[in-house]
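Structure assessment
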Amino acid sequence: QVQLVESGGGLVQAGGSLRLSCAASGSSLRFRLYTMGWYRQAPGNQRELVATITDNSNTNYADSVKGRFTISRDNAKNTVYLQMSSLKPEDTAVYYCNARNIRGDSWGQGTQVTVSS
């Protein structure tokens, strides 16, 4: 089982930037083999994909964040990042980190991002 801890959320004005971090830990963790992802859930909405990065560092983004958000990973630090720029009020949500391999999914507790207009 992978433990995931997100950080970096907060309150920011529209047009601003934030960087989220997700640190992974666990016994016999082979972080580099996981597909890592960021998801978000706004009040009243379902959880939705924001971005993913594979073990080969191939990335995928939701259309709503393309060109504004960048996902990256540092395998030496067992950490995945989400750099968010040009933030909009509609980006307000709880952001969750996800780790996926053939055994299934692990989730973090989430970090709140609030974008004021």
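Throughout, a residue's number is its position along its own chain's written sequence, starting from 1. Totals for whole chains, interfaces and linings use every residue, but because this is a predicted model, local features are given only for residues with pLDDT of at least 70 and side-chain atom pairs only at 80 or more, for both listing and counting. With hydrogens and water excluded, all non-hydrogen atoms of the structure serve as input to the side-chain values.

On to the sheet that holds strand β3 (residues 18–25), then. At least two DSSP bridges between two strands are needed for those strands to be called paired. The way it works is that DSSP assigns letters per residue, a run of H or I at least four long becomes a helix, a run of E at least two long becomes a strand, and they are numbered from the N terminus. What the four strands build is an open sheet, ordered β1-β3-β8-β7; its pairing is antiparallel. The open sheet terminates on both sides in strands that have one partner only, identified here as β1 (3–7) and β7 (69–74). Neighbouring strand axes in the sheet, compared pairwise and without regard to direction, differ in orientation by 15° on average. Relative to strand β8 (residues 79–84), β7 is paired through six bridges, and the arrangement is antiparallel. Bridging from a neighbouring strand, Arg-73 pairs with Val-80 of β8. Axis lines are fitted through C-alpha atoms, for helices just across the contact stretch, and the angle between N-to-C directions can take any value from 0 to 180 degrees.

In this section: the state of the cysteines. By disulfide we mean two sulfur atoms from cysteines, separated by a distance within 2.5 Å. The tally for this structure, following the rule as stated, stands at one disulfide. Here Cys-22 is linked by a disulfide to Cys-97, with a sulfur-sulfur distance of 2.1 Å. With the S-S dihedral at roughly -85°, the linkage between Cys-22 and Cys-97 falls on the left-handed side. With a gap of 75 residues between them, Cys-22 in strand β3 and Cys-97 in strand β9 (residues 93–101) connect regions that are remote in the sequence. For the pair formed by Cys-22 and Cys-97, the shared burial category is buried. Per-residue accessibility, obtained with a 1.4 Å probe over protein chains only, is compared with the maximum for each type, and a residue is labelled buried under 20%, exposed over 50%, and partly exposed between these values.

Counting residues in each nonpolar core, the largest one holds 29 residues, and the members touching the most others are Met-36, Trp-38, Leu-82, Met-84 and Tyr-95. Of all the elements in the fold, those that place two or more residues in this core are β3, β4 (35–41), β5 (48–53), β7, β8, β9 and β11 (111–116). Within this scheme, the nonpolar core is defined by two criteria: the residues are buried Ala, Val, Leu, Ile, Met, Phe, Trp, Tyr or Cys, and they are joined through side-chain atoms within 4.5 Å.

Turning our attention to the pattern of salt bridges. Each reported salt bridge corresponds to a side-chain nitrogen of Lys or Arg within 4 Å of a carboxyl oxygen of Asp or Glu. A complete count under the given rule lists five salt bridges for this structure. In this structure, the salt-bridge partner of Asp-91 is Arg-40, at a minimum N-O distance of 3.0 Å. With Asp-91 in the loop between β8 and β9 and Arg-40 in strand β4, this pair connects stretches of sequence that are 51 residues apart. The class for Asp-91 is buried, based on a relative accessible area of 1%. Here Arg-40 falls in the buried class, since its relative accessible area comes to 6%.

The next subject is the pairing of β5. Across five bridges, the pairing between β4 and β5 is antiparallel. Residue pairing across strands places Arg-40 opposite Glu-48, the latter belonging to β5. The turn linking β4 back onto β5 is made up of six residues, and Gly-44 within it adopts a positive phi angle of 80°. Where β5 lies against strand β6 (residues 59–61), three bridges are found, and the strand directions are antiparallel. Bridge pairing links Ala-51 to Tyr-61 in β6. In textbook terms, the turn of a hairpin is the stretch between consecutive antiparallel strands, and for β5 and β6 this stretch comprises five residues, one of which, Ser-57, has a positive phi near 65°.

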